[in-house]
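One-letter residues, chain by chain:
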Amino acid sequence: MLILGIETSCDDTAAAVLRDEREVLSNVVASQLTHREYGGVVPELASRQHLKHVLPVMRAALKRAEVTPEDLDAVAATSGPGLLGSLLVGLCTAKAYALGLGKPFVGVHHIEGHIMANWLVEEMHFPNLVLVISGGHTQIIRMRRVGDFVEMGSTRDDAAGEAFDKIGKMLGIPYPAGPQFERLAKRGDAHAVPFSRARLKRGEFDFSFSGLKTAARLLLEKEGFAPDTRVAPIGRGRAPGNRGMGELEALPQRAFDILASAQEAIVDMLAEKLEAAVRATQVRHAYLAGGVAANGRLRERIGASLAPFGAALHSPPPSLCTDNAAMIACAGHFRLCSGVVSGPDTNAFARGPLQSWC
Ligand code: KG4
Ligand code: ZN
């Protein structure tokens, strides 16, 4: 089965062609740089950029895969959650494309896509636990088979990616801060600052990052690291308060120590909860999903914490952790193979839990 996947839930316009379960024939992602000047994604600008890029990105995906539209068996697109305007561009384009070709269309939950990125690497083992860590979600999900999801825990406040982005922003790292945060943290001492780890009384597998965010802000302000936001360098492609690459590199050692310590605190909190969930469920396989799963320190720390319990940790390569359309095509493949198709009235949704369909 040849599926065209389309993903436009946030600020990446992506299209991919997938043959069967994991043969990725093409995987094209156009990232929007427009938002740099604003320090975060501006929804209105994001949807306009998707409108501009969606057809060229789809064409590029078909060309790279060396297939024609008529060769396709189906079209899959993210229907939510995400930014409504952005989602509607990809979803409506996909529905119209499928209708025009006379092929089936299926809407996919964005988080299911992130989870199924693991299938693109190898067949997933069941039962398992998935730690979903993206810019908008932080959840532990239990799966008994493809299409079967039970949420065991989630964040009470910020998502793990937001914690990286917001703490990074306090030091002037441009959005999304995660990749630069990780790179700069490598130069610091992860034990320099003893940030406390959130311990929730209720909700054994729930997360909270707001305390860490406040502690980091207070410390950075006290030590005089808050970037100067008074002068807005309009038109320089940089948000007020963002530091350029050279300025980030030239920060004092203490800044790298704070970044490394904050990263360690985020990673510790994620590792502890996943470890507790693995102990409670006795599963032998755990998976990472979502953009934050690209973080090397996180993979290393979680892998080591699960090993004593006989549980293996699996994760997609970094390029499949962040938003892409191959993961949407893969999730679509399984839905379609089980007879799940979506009608032309399928709507986009900004929020909504991942529901089992199998
Ligand atoms: O899954 P994703 O691409 O988009 C959402 O669905 O949200 O995740 C984006 C998030 C951002 O918060 C970004 O800062 C974070 O993933 N991220 C990272 C790394 N790469 C991306 N966080 C920590 N370390 C990284 N290497
Ligand atoms: Zn995502």
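Residues numbered from 1 in each chain as written. Chains lettered and ligands numbered in written order. Predicted model: local features only at pLDDT ≥ 70, side-chain atom pairs only at ≥ 80, totals over all residues. Heavy atoms only, no water.

Break down the domain arrangement of the protein for me, with residues and values.
Segmentation of the protein into domains returns domain 1 (2–117 + 321–337) and domain 2 (128–315). Between the C-alpha centres of domain 1 and domain 2 there is a distance of 26 Å. Where domain 1 abuts domain 2, roughly 1500 Å² becomes buried across the two surfaces, and 72% of that area is made up of carbon and sulfur atoms. Summed over the three residues of domain 1 that lose the most area to domain 2, namely Glu-37, Ile-115 and Cys-321, the buried surface amounts to 37% of that side. Between the two partners, domain 1 and domain 2, sit 0 salt bridges. Remark: the boundary between domain 1 and domain 2 carries 2 residue pairs in polar contact (both at pLDDT 80 or more). With 5 residues, the top contributor of residues to the side of domain 1 that touches domain 2 is helix H3 (residues 110–116). (Domains from an automatic or database assignment. Buried area = accessible area lost by both parts, 1.4 Å probe. Salt bridge = Lys/Arg side-chain N within 4 Å of Asp/Glu carboxyl O. Polar contact = N/O pair within 3.5 Å; in protein donor to acceptor, adjacent residues only side chain to side chain. Helix = DSSP H or I, 4+ residues; strand = E, 2+ residues; numbered from the N terminus.)

Outline the coordination of the zinc ion (ligand 2), supporting the account with residue identities and numerical values.
Coordination of the zinc ion (ligand 2) by the protein is provided by His-110 (NE2), His-114 (NE2) and Asp-323 (OD), with metal-donor distances spanning 2.0 to 2.1 Å. Positions of the donor residues of the zinc ion (ligand 2) along the chain correspond to the pattern H-x3-H-x208-D. One end of the pair, His-110, and the other, His-114, are both in helix H3, 4 residues apart, so they sit about a helical turn from each other. Pair check on accessibility: His-110 and His-114 agree, each one buried. (Donors = N, O, S within 2.8 Å, 3.2 Å for Na, K, Ca; no water. Buried < 20%, exposed > 50% of the residue type's maximum accessible area, 1.4 Å probe, protein only.)

Before we move on, can you summarise the site of ligand 1 with the specific residues and values?
What surrounds ligand 1 is a group of 21 residues, the closest being His-114, Gly-135, Asp-165, Glu-182 and Gly-291. Within the backbone of Gly-161, one N or O atom sits 3.3 Å away from an oxygen atom of ligand 1. Note that an oxygen atom of ligand 1 is positioned 2.9 Å from one of the backbone N or O atoms of Gly-291. Protein contacts shield 89% of the accessible area of ligand 1, which totals 550 Å² for the unbound molecule. Among the secondary structure elements, those contributing two or more residues to the shell around ligand 1 are H3, helix H4 (160–170) and helix H5 (178–185). (Near = heavy atom within 4 Å. Areas by Shrake-Rupley, 256 points an atom, 1.4 Å probe, with all protein chains shown as cover.)

Explain the pattern of salt bridges to me, and be specific about the residues and the numbers.
Going through the model one piece at a time under the given rule, you end up with 18 salt bridges. The partner of Glu-223 in a salt bridge is Arg-254, with the nearest N and O atoms 2.7 Å apart. Here the residue Glu-223 occupies a position in the loop between helix H6 (210–222) and helix H7 (245–249), and Arg-254 occupies one in helix H8 (residues 253–281), the gap between them amounting to 31 residues. A residue is classified by how much of its surface remains accessible, and Glu-223, at 30% relative accessible area, is partly exposed. Judged by relative accessible area, Arg-254 falls into the partly exposed class, the value being 29%. Three or more residues joined by partner-sharing salt bridges are found here, namely Asp-158, Glu-162, Lys-166 and Lys-213.

Describe the nonpolar core, with residues and values.
Of all hydrophobic cores here, the largest spans 54 residues; its most connected members are Leu-131, Ile-133, Phe-195, Leu-270 and Ile-302. When residues of this core are traced back to their parent elements, those giving at least two are strand E6 (128–133), H4, H5, H6, H8, strand E9 (285–289) and helix H9 (296–306). Residue contributions to this core peak at 16 residues, all from H8. Other than its neighbours up to four places away in sequence, Phe-195 contacts Leu-212, Ala-215, Ala-216, Leu-219, Ile-258, Ser-261, Ala-262 and Ala-265. Core analysis: the next-biggest nonpolar cluster, separate from the first, contains 35 residues, Ala-76, Val-146, Leu-320 and Trp-357 among them. (Core = buried A, V, L, I, M, F, W, Y, C linked by side-chain atoms within 4.5 Å. Contact = heavy atoms within 4.5 Å.)

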